[in-house]
Protein chains: 2
Amino acid sequence: MQAHLLTIGDEILIGQTTDSNAAWLGEQLALMGADVTGAQTVRDTPAAIRRGLERGFEEADVVLTTGGLGPTHDDLTKTVVADFFGVELEQNADIMERIERYYFQTDRDVPEAVRSLAAVPAGFDLLENPVGTAPGLFYEETSAGSTGSDDSQGGRMVVVLPGVPQEMKRVMEASGLPRLRERGTGLGRVAHRTLQTTGIVESSLQEKVKDVASDLADGQSLAYLPSTSGVRLRLTARADADGDADRQDEAQRKLDALEERLRARIGKYVYGTGGDELEAVVGGLLAERGRTVALAESATGGLAAHRLTQTSGASAYFQGGIVAYANRAKTELLSVEPATLEAHGAVSEATARAMAEGARERFGASYGLSTTGVAGPTGGTDATPVGTVCVGCAAPGSGARAVRLRFTQDRQLNKELFSTALLETLRRDILGIEDVSFVRQADA
Amino acid sequence: MQAHLLTIGDEILIGQTTDSNAAWLGEQLALMGADVTGAQTVRDTPAAIRRGLERGFEEADVVLTTGGLGPTHDDLTKTVVADFFGVELEQNADIMERIERYYFQTDRDVPEAVRSLAAVPAGFDLLENPVGTAPGLFYEETSAGSTGSDDSQGGRMVVVLPGVPQEMKRVMEASGLPRLRERGTGLGRVAHRTLQTTGIVESSLQEKVKDVASDLADGQSLAYLPSTSGVRLRLTARADADGDADRQDEAQRKLDALEERLRARIGKYVYGTGGDELEAVVGGLLAERGRTVALAESATGGLAAHRLTQTSGASAYFQGGIVAYANRAKTELLSVEPATLEAHGAVSEATARAMAEGARERFGASYGLSTTGVAGPTGGTDATPVGTVCVGCAAPGSGARAVRLRFTQDRQLNKELFSTALLETLRRDILGIEDVSFVRQADA
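Summary of the structure given here. Since we're looking at a predicted model, the values are computed, not measured. (Residues numbered from 1 in each chain as written. Chains lettered and ligands numbered in written order. Predicted model: local features only at pLDDT ≥ 70, side-chain atom pairs only at ≥ 80, totals over all residues. Heavy atoms only, no water.)

1. Digging into the interface of chain B and chain A
- Facing 83 residues of chain B, the contacting portion of chain A comprises 82 residues.
- At the surface where chain B touches chain A, the tally comes to 8 salt bridges.
- We note a salt bridge from R170 of chain B to D410 of chain A, for which the minimum N-O separation is 2.1 Å.
- Residue contributions to the side of chain B that touches chain A peak at 7 residues, all from strand β2 (residues 35-42) of chain B.
- Classifying every residue of the side of chain B that touches chain A by side-chain character gives 29 nonpolar, 32 polar and 22 charged.
- In terms of strand pairing, strand β2 (residues 35-42) of chain A meets β2 of chain B through 5 bridges, oriented antiparallel. Bridge pairing in β2 of chain B places V42 of chain A opposite G38 of chain B. (Contact = heavy atoms within 4.5 Å. Salt bridge = Lys/Arg side-chain N within 4 Å of Asp/Glu carboxyl O. Helix = DSSP H or I, 4+ residues; strand = E, 2+ residues; numbered from the N terminus. Nonpolar A, V, L, I, M, F, W, Y, C, P; charged D, E, K, R; others polar. Pairing = 2+ DSSP bridges.)

Written out as structure tokens, the structure is:
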């Protein structure tokens with residue numbers, strides 16, 4: 001099955017709304033083994049919607065539309081889709097009765113615009129909408145019109161969905177996805193898996209796995225996705241078997257083999273798989289061991305605490321933190337010796353160590369972690385340029401240590417990268433991973 | 001100017017990453033008066049990228065691509081764009097020198113893959129990237145190839161951007177948008193302006209401005225865009241004049257008149273315009289008055305400190321904060337009386353007031369602000385359900401006060417909404433805005 005996503009609405013194009021529907025649909029389709037060939041966003045005009053359908057069916061056998069199904073004047077999707085497939089709109093008695101009942105209960109007349117909700121293209125199936133008034137629609141051509149997809153035997157299919165994300169998801173889960181699974185052919189041929197890495201840039205990662213990358217089996221591929229938390233490495237495998245179950249087994253076996261080869265080379269940089277968040281992974285490691293953490297943040301300004309408290313249950317391992325922006329806060333709240341600040345400066349390994357120890361003692365935590373640096377864009381010197389950070393770590397049963405790193409010129413990006421370095425320092429300490437030199441984490 | 005957005009990357013299609021770039025670019029282009037005709041997401045293959053360019057130029061005179069510019073083997077954009085316009089790739093000496101200097105400083109050899117970053121299509125201009133190694137690219141055809149756009153006189157234009165959102169934004173702000181403004185024709189017929197409001201829900205806002213909304217001049221419109229910082233109100237006006245300058249003047253005059261009518265009704269909820277951030281607005285108010293602030297955060301877990309330190313120069317007014325997750329931290333670090341906790345509970349106006357006072361005293365700041373609440377999803381009780389927060393404010397020359405609010409069931413959303421309530425409480429106190437009851441800020 002080859003699927004194409006068609007989002008309809010001016011509000012998406014001019015950035016009033018971010019299109020979260022396409023990401024959700026893409027993920028669901030990929031998980032069921034469909035190929036997602038492309039996606040478009042088009043305007044609320046009949047010509048733009050029609051062209052979107054034409055372009056979609058040039059490369060796919062199913063097009064999923066979102067948006068333009070409600071009761072307002074710019075809701076053209078149904079009309080254009082009916083016209084595209086050469087069928088008429090008919091009033092659907094079931095929908096009309098449901099609408100009338102709803103308005104009768106609330107003691108109002110049915111507005112004229114709402115009556116259009118009951119119009120359905122002839123021969124289209126309704127996809128129940130448990131959370132809204134506009135149902136989804138499904139249609140499959142009976143004969144020709146199929147695209148070049150190898151596996152496709154049926155005709156072209158269209159799934160017409162509401163634009164409100166909650167409604168779209170419920171319609172798809174309740175009936176859209178089951179219908180596609182039942183009708184779709186060639187599913188499960190392609191499978192994906194993601195390894196989440198941090199503390200290493202894309203180019204170094206590539207260097208370390210180049211022998212694997214140059215020796216991939218047919219249908220296997222690797223892709224690198226940099227973010228402020230590190231680089232995600234996406235593994236893809238394509239199966240040859242014919243039966244649905246065999247094919248899925250084969251694709252998963254190929255992914256297992258590929259993952260094993262990659263982990264042998266870059267395992268220590270891999271903090272998780274799939275959608276794992278570094279902060280949740282670190283929190284889980286602490287919780288498993290009954291350990292706690294406290295923070296002393298200067299350069300990250302509270303972001304590390306914010307990230308650690310994003311996970312439900314964080315209070316089991318997160319004791320608290322001090323955002324010590326002023327030097328006075330470093331000495332009074334974190335017991336950093338004024339002599340340390342004077343001899344080494346606020347941005348120094350010595351200060352970072354003292355801050356980490358101060359946080360650990362102040363909160364009575366197992367671990368104390370700290371950041372002190374220059375987020376920028378101003379405040380840099382020759383000795384301590386913008387982007388410099390010292391990350392300190394005071395661990396149970398050993399003294400404090402610190403590492404000095406250098407990132408970018410951008411304040412907000414630096415805060416993200418500094419906080420990632422703090423979390424990764426903690427992860428490595430907990431797991432006893434030998435120190436590997438940190439490098440800039442988001443080059444591209 | 002008619003613009004088309006082309007997002008490149010399998011990771012977007014299969015839902016690993018939500019495409020926030022397209023929304024941001026669409027908004028920026030609309031704000032400068034360009035028509036955004038459509039958007040596509042395509043795979044990481046030469047054929048898909050080429051087809052994307054062809055489809056984009058069928059309807060637009062400028063195509064903006066994002067993604068596929070980093071140093072790995074799946075970064076094909078540059079190659080395909082060069083081929084599309086019939087030019088060769090050349091090594092750019094400036095970029096190569098910058099890369100070599102960077103690697104020299106960090107004492108490493110330049111990896112082979114990184115060298116490809118220095119390849120630039122002949123005749124393309126570089127768009128400086130202050131936060132990464134891959135610059136953006138700009139190209140304008142000198143003669144034919146123009147589309148059906150009325151206003152367009154030049155040739156087709158392409159803007160090639162990095163996929164990492166922070167980098168893409170910085171490249172566009174620094175050089176991409178100014179370049180398009182300079183080259184674009186037919187801009188300025190439609191003008192937009194945004195009023196940023198907070199502390200009021202969309203439906204109440206609508207109610208307060210309904211007489212204005214029902215009496216808009218031809219070509220004027222209003223749109224409501226809820227977010228976790230409040231509701232943005234977008235004003236649009238269309239000009240009739242023909243000359244570029246006259247047209248822009250006319251559209252701006254229409255917006256001025258509309259803004260004045262709206263401010264008369266909802267002025268006290270308006271904290272800024274355009275892309276103003278609440279945290280930067282509050283920081284500016286403090287800086288102007290020579291005041292400082294310190295925080296005591298429980299329910300927001302460091303997010304309020306993180307937001308206040310996002311702005312460069314925050315050290316002038318932000319003294320620091322304590323993230324007091326455990327009760328022990330509230331008593332020991334913030335001097336909350338154990339009796340207060342016992343009598344009123346950790347989530348109470350009394351505790352919020354004591355925390356705010358504790359932060360103010362501990363850091364010697366003008367203002368102390370606090371949050372204590374239940375972010376969820378667990379930990380709620382009948383008396384203190386999930387979503388409850390108490391925000392405390394200790395101001396100069398007056399006692400502390402606190403307000404109790406209730407938001408959603410979602411932990412991460414609650415942290416955002418709680419921190420917005422804290423910042424807005426401070427803004428109102430500084431400006432002496434009479435207390436208006438806070439309401440839930442983001443319904444969706």
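Don't stop here, the text continues.
2. Considering empty space enclosed by the protein
- Under the criterion given, the structure shown has 4 cavities of 30 Å³ or more.
- What lines the largest cavity is a set of 24 residues, and nearest its centre among them are D19, A22 and T41 of chain A together with D19 and T41 of chain B.
- Of all the elements in the fold, those that place two or more residues in the lining of the largest cavity are β1 (2-8), α1 (10-13), α2 (20-31) and β2 of chain A together with β1 (2-8), α1 (10-13), α2 (20-31) and β2 of chain B.
- Its residues assigned to classes, the lining of the largest cavity comprises 12 nonpolar, 10 polar and 2 charged. (1 Å grid on protein atoms, 1.4 Å probe; cavity = no way out; pocket = protein on both sides within 12 Å on 5 of 7 lines; lining within 4 Å. Points joined across faces, edges and corners; volume = space filled by probe spheres on them.)

3. Points about the nonpolar core
Residues and elements named next belong to chain A.
- L286, V293, L295, F318, Y367, L369 and L426 are the most contacted members of the largest nonpolar core, which totals 35 residues.
- Listing elements by their share of this core, those giving two or more residues are α11 (278-289), β13 (293-297), α12 (303-308), β15 (367-373), β16 (388-394) and α16 (411-431).
- For this core, the element with the most residues is α16, which contributes 8 residues.
- Setting aside anything within four residues of it in sequence, one finds L295 in contact with A304, A305, L308, F318, G320, G321, I322, A359, F363, L369 and L422. (Core = buried A, V, L, I, M, F, W, Y, C linked by side-chain atoms within 4.5 Å. Buried < 20%, exposed > 50% of the residue type's maximum accessible area, 1.4 Å probe, protein only.)

4. Let's talk about the environment of V190 of chain B
- Its place among the elements puts V190 of chain B in strand β9 (residues 190-197).
- For the pair V190 of chain B and G33 of chain B, spaced 157 residues apart in the sequence, the C-alpha separation amounts to 5.4 Å.

5. Brief notes about the layout of surface pockets
- In this model, the second largest pocket occupies a volume close to 670 Å³.
- For the second largest pocket, the lining is made up of 38 residues, of which V36 of chain A together with D10, R43, D44 and T45 of chain B are closest to its centre.

6. What to know about the side chain of T340 of chain A
All names here are of chain A.
- Among the structural elements, T340 can be located in helix α14 (residues 338-344).
- For T340, a relative accessible area of 18% translates into the label buried.
- When near neighbours in sequence (up to four residues on either side) are disregarded, T340 contacts G345, A350 and T351.

7. What to know about the state of the cysteines
- Applying the stated criterion across every chain yields a total of 0 disulfides over all chains.
- Not engaged in a disulfide, the cysteine C390 of chain B finds its nearest cysteine sulfur in C393 of chain B; these two sulfurs lie 14 Å apart. (Disulfide = S-S within 2.5 Å.)

8. A word on the pattern of salt bridges
- On inspection of all chains with the given rule, the structure shows 52 salt bridges over all chains.
- Note that R265 of chain A is salt-bridged to D211 of chain A, the shortest N-O span being 2.9 Å. Residue R265 of chain A is located in helix α10 (residues 244-266), and its partner D211 of chain A is located in helix α9 (residues 210-213); the two are separated by 54 residues in the primary sequence.
- E279 of chain A is the salt-bridge partner of R307 of chain A, the closest N and O atoms lying 3.0 Å from each other. Placement of R307 of chain A in helix α12 and of E279 of chain A in helix α11 is noted, with a sequence separation of 28 residues between them.
- Residue classification places R307 of chain A among the buried residues on the basis of a relative accessible area of 5%.
- Each of R51 and R55 of chain A together with E58 and E59 of chain B takes part in one network of salt bridges that share partners.

9. Some thoughts on helix α10 (residues 244-266) of chain B
- For α10 of chain B, spanning 23 residues, the distance from its first C-alpha to its last is 32 Å, which sits close to the expected 33 Å at 1.5 Å a residue.
- Residues of α10 of chain B that are buried in the fold lie against β9, α8 (202-208), α9 (210-213), β10 (221-227), β11 (230-238) and β12 (270-273) of chain B. (Expected span 1.5 Å × (residues − 1).)

10. Digging into the sheet that holds strand β7 (residues 136-140) of chain A
- Pairing in this open sheet of 12 strands is mixed, and the strands run β6(A)-β7(A)-β8(A)-β3(A)-β1(A)-β2(A)-β2(B)-β1(B)-β3(B)-β8(B)-β7(B)-β6(B) from one edge to the other. Strand pairing shows two members of the sheet lacking a second neighbour, β6 (125-127) of chain A together with β6 (125-127) of chain B, which therefore form its edges. The mean angle between the axes of side-by-side strands here comes to 15°, regardless of whether they run parallel or antiparallel.
- Pairing analysis gives 5 bridges linking strand β3 (residues 62-66) of chain B to strand β8 (residues 157-161) of chain B, with the strands arranged parallel. Across the sheet, T65 of chain B pairs through a bridge with V160 of chain B, a residue of β8 of chain B.
- Here α2 of chain A sits on the sheet and contacts β1, β2, β3 (62-66) and β8 (157-161) of chain A; the angle it forms with β1 of chain A, its principal contact strand, is near 165°.
- Strands β1, β2, β3 and β8 of chain B of the sheet are contacted by α2 of chain B, whose axis makes an angle of about 165° with β1 of chain B. (Axes fitted to C-alpha atoms, helices over the stretch in contact; angles between N-to-C directions.)

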